[in-house]
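Here is how the chains run, residue by residue.
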Amino acid sequence: MLKRGDVIKLVRVVAETHEIEIGCDECFERLDSFAETEISGVNASVAMPLVGDHLDKCADCRSKFEALLRVLRGT
Ligand SMILES: [Zn+2]
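Residues numbered from 1 in each chain as written. Predicted model: local features only at pLDDT ≥ 70, side-chain atom pairs only at ≥ 80, totals over all residues. Heavy atoms only, no water.

**With respect to helix α4 (residues 49-57)**
Regarding α4, the residues found buried are Val51, Gly52, His54 and Leu55. Along the axis of α4, the buried residues cluster in a sector spanning 165°; they form a single face. Away from the buried face of α4 by more than 90 degrees, exposed residues Asp56 and Lys57 are located. Looking at the buried residues of α4, the elements they touch are α2 (24-39), α3 (44-47) and α5 (59-73). (Buried < 20%, exposed > 50% of the residue type's maximum accessible area, 1.4 Å probe, protein only. Helix = DSSP H or I, 4+ residues; strand = E, 2+ residues; numbered from the N terminus. Arc of directions from axis to C-beta. Contact = heavy atoms within 4.5 Å.)

Structure (structure tokens):
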């Protein structure tokens, strides 16, 4: 019999590994709209938390994102 705390822990592990995490490919696919959202003044990490979360963890995608932002801002 699982205790409540164990279930929560288990759900968290499953969620983190499968449901609320995206990979670099998915991140890259959404990077355009993520950057456009950010440019439009909306907090993109709130609008697209999966991408924001990935960018926090992945230096590779973050640098692509920053490059994209620079292009979109024309600087
Ligand atoms: Zn990545």
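**Looking at the coordination of the zinc ion**
The zinc ion binds to the protein through Cys24 (SG), His54 (NE2), Cys58 (SG) and Cys61 (SG); the donor distances cover 2.0 to 2.4 Å. Taken together, the four donor atoms coordinating the zinc ion span angles of 103 to 113° at the metal, a pattern that classifies the geometry as tetrahedral. Every donor residue of the zinc ion comes from the same chain, spaced as C-x29-H-x3-C-x2-C. Of the two residues, Cys24 sits in helix α2 while Cys61 sits in helix α5, which places them 37 residues apart along the sequence. (Donors = N, O, S within 2.8 Å, 3.2 Å for Na, K, Ca; no water. Tetrahedral: all angles 85-135°; square planar, octahedral: opposite > 155°, others 65-115°.)

**Describing α5**
The terminal C-alpha atoms of α5, which comprises 15 residues, lie 21 Å apart, in line with the 21 Å expected from a rise of 1.5 Å per residue. Regarding α5, the residues found buried are Cys61, Phe65 and Leu69. Taken around the axis of α5, the buried residues stretch over an arc of 80°, which confines them to a single face. Residues of α5 that are exposed and angled more than 90 degrees away from the buried face: Ala59, Asp60 and Val71. Looking at the buried residues of α5, the elements they touch are α2 and α4. Just past α5, the residue Gly74 takes up positive phi, approximately 70°. (Expected span 1.5 Å × (residues − 1).)

**Quick look at the side chain of Thr37**
For Thr37, the position within the fold is in helix α2. Apart from residues lying up to four places away in sequence, Thr37 is in contact with Val42, Ala44, Ala47 and Met48.

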